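Given next are the chains, with one letter for each unit.
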Amino acid sequence: MNPFDAALPALQEAAARRATRVDTGPVVHLSGVSKRYESVQALDNVSLDIGQGQVVALLGPNGAGKSTLVEIIMGLRQADSGSVNIFGDDVRGGQRGYLSRIGVQLQTTGFFPSLSGRDYLKFFQGVYPHTLPLDRVIELLDLSAFVDKTMRGMSGGQRQRIALALAIVNDPDFIILDEPTVGLDPIARREFWDILRQLHGGTRTLLFSTHYMEEVQALADRVVMMAKGRVIASGTVDDVIAAAGPEARNLDDAYNILLAQRKGAPK
């Protein structure tokens, strides 16, 4: 049986629960957010809304501010100024109720090599008040062939799937993924895309950073492009291409043109 088909009842039940939740505003609302590290202005007056059910790709070169932005949304870093609201919670004001509604997969996850994937899943189940059934998570991500291996015995792609499983074990409404397919071969990357489409299901909100334009076009209904700590373009793929001007024939062209335009712009 296809693992996605096997996991469909849990996904449908989770989607029904999310449909009964009444959220009147955006999932993420940032206004005038800035963050500085000594002489480096990591974020410079960033304002951004992410609506419910959107799949948003975060694009930009190294040092653009993507990681800092994601860490502020996750609550791992404090903005120096501006407002940060997640599901209506004032993050800078110390409200943390939203944390049980988000799931996070970092680009690099530190695992204890002697523990198994099942050990990690059981531990994370004990952290949250509500979780998806363990067997459903295993079916959804097709983990059965390696979930009982120790982490040291897994391939990079298998560890990525375990990391994603930990991000969804609490049945989150909002999933944040930092370079989720980096290091995966093309076949594994496309399999991962299929999993993310199933997780989205039209109801979950996804935010992911990536350097793969093909990944953006395959998954995202909205692109946020950053450079020098600022948002330089936001919209659909077609919107971003149009913003780059007539010379942009595709997203790769738009990316290069907009970054070149920004390169010499004053901060």
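Conventions we followed
Residues numbered from 1 in each chain as written. Predicted model: local features only at pLDDT ≥ 70, side-chain atom pairs only at ≥ 80, totals over all residues. Heavy atoms only, no water. Helix = DSSP H or I, 4+ residues; strand = E, 2+ residues; numbered from the N terminus. Buried < 20%, exposed > 50% of the residue type's maximum accessible area, 1.4 Å probe, protein only. Lys, Arg positive; Asp, Glu negative; His and termini not counted. Salt bridge = Lys/Arg side-chain N within 4 Å of Asp/Glu carboxyl O. Contact = heavy atoms within 4.5 Å. Core = buried A, V, L, I, M, F, W, Y, C linked by side-chain atoms within 4.5 Å. Axes fitted to C-alpha atoms, helices over the stretch in contact; angles between N-to-C directions. Parallel < 35°, antiparallel > 145°, perpendicular 65-115°, else oblique. Left-handed = near helix turned anticlockwise from the far one by under 90°. Nonpolar A, V, L, I, M, F, W, Y, C, P; charged D, E, K, R; others polar. Pairing = 2+ DSSP bridges. pLDDT = per-residue confidence, 0-100.

Enquirer: I tried to follow the side chain of Glu179 on my own but got confused; where do I start?
Expert: Among the secondary structure elements, Glu179 is positioned in the loop between β7 (174-178) and α6 (186-200). Although Glu179 is buried, it makes no salt bridge; Lys66 carries the closest opposite charge, 5.2 Å away. In this view, Glu179 contacts Gln107, Gln160, Ser209, Thr210 and His211; residues no more than four positions away in its chain are not counted.

Enquirer: Whenever I open this one, the nonpolar core confuses me. Can you help?
Expert: One broad rule of soluble globular proteins: the nonpolar side chains tend to lie buried together. The biggest cluster of nonpolar side chains holds 52 residues, and the ones touching the most others in it are Leu121, Leu143, Ile162 and Leu164. Core analysis: the next-biggest nonpolar cluster, separate from the first, contains 28 residues, Val33, Val46, Ala64 and Ala79 among them.

Enquirer: Whenever I open this one, the packing of helix α3 (residues 117-125) against helix α5 (residues 156-168) confuses me. Can you help?
Expert: The description of two helices packed together rests on the angle between their axes and the distance between the axes. Taken N-terminus to C-terminus, the directions of α3 and α5 make an angle of 15°; their axes are 9 Å apart at the nearest point. Here α3 lies roughly parallel to α5, going by the angle between them. Between α3 and α5 lies a crossing of right-handed hand. Across the interface between the two elements, Gly117, Tyr120, Leu121 and Phe124 from α3 touch Ile162, Ala165 and Leu166 from α5. Its residues assigned to classes, the contact of α3 with α5 comprises six nonpolar, one polar and no charged.

Enquirer: Would you take a moment to explain the environment of Gly25 for this structure?
Expert: Positionally, Gly25 belongs in the loop between α1 (3-20) and β1 (28-37). Here Gly25 falls in the partly exposed class, since its relative accessible area comes to 32%. Distance from Gly25 to Gly51, taken between C-alpha atoms, is 7.7 Å for residues 26 residues apart in sequence.

Enquirer: I would appreciate a short explanation of the sheet that holds strand β5 (residues 89-90) in the present structure.
Expert: What links the strands of a sheet is backbone hydrogen bonding, and the strands pair in either a parallel or an antiparallel sense. Strand order across the open sheet formed by four strands is β2-β1-β4-β5, with antiparallel pairing between neighbours. Single-partner strands in this sheet number two, and they are β2 (40-50) and β5.

Enquirer: Can you help me understand helix α2 (residues 66-74) in this one?
Expert: An α-helical turn contains 3.6 residues, so a residue and the one three or four places further along point in the same direction. Among the nine residues in α2, seven count as buried, and that is most of the element. What α2 keeps buried is the set Lys66, Thr68, Leu69, Val70, Ile72, Ile73 and Met74. Positive phi appears at Gly75, one or two residues downstream of α2, with a value of about 90°.

Enquirer: Can you help me understand unusual backbone geometry in this one?
Expert: Note: most peptide bonds trans; most residues except glycine with negative phi. Of note, Asp142 is a non-glycine position whose phi angle comes to about 55°, a positive value. Its place among the elements puts Asp142 in the loop between α4 (134-140) and α5. A relative accessible area of 37% means that Asp142 is categorised as partly exposed. Even without a glycine there, the phi angle at Lys228 is positive, about 50°. Checked against the element boundaries, Lys228 lands in the loop between β9 (222-227) and β10 (230-235).

Enquirer: Help me understand the sheet that holds β10 in this model?
Expert: Strand order in this open sheet of six strands is β6-β7-β8-β3-β9-β10, and the pairing throughout is mixed. Each of the sheet's edge strands pairs with one partner strand only, and the pair in question is β6 (102-105) and β10. Put simply, the sheet's adjacent strands are angled 15° from each other on average, direction ignored. Against the sheet, α2 makes contact with β3 (55-59), β6, β7, β8 (205-209) and β9, and its axis sits at roughly 150° relative to β7, the strand it touches most.

Enquirer: Would you explain the confidence of the model for the chain in this entry?
Expert: Predicted coordinates in regions of low pLDDT should not be interpreted in detail. The pLDDT averaged across the chain works out to 88; a share of 90% of its residues lies at or above 70. At the level of individual helices and strands, the chain shows its lowest average pLDDT in α1, which scores 47, and its highest in β1, which scores 97. With pLDDT under 50 throughout, residues 1-8 is counted as low confidence; its partners more than four residues away or in other chains account for 13 contacts.

Enquirer: Which parts of the structure should I look at to understand the pattern of salt bridges?
Expert: Oppositely charged side chains may form a pair once their charged atoms are brought near each other. Tallied over the entire structure, the rule returns eleven salt bridges. When the shortest N-O distance is used, the salt bridge between Asp173 and Arg101 registers 2.8 Å. Taken as a pair, Asp173 in the loop between α5 and β7 and Arg101 in the loop between β5 and β6 lie far apart in primary sequence, 72 residues in all. Relative accessible area serves as the criterion here: at 6%, Asp173 is assigned to the buried category. Asp253 is paired through a salt bridge with Arg249; the nearest N and O atoms lie 3.1 Å apart. Relative accessible area serves as the criterion here: at 71%, Arg249 is assigned to the exposed category.

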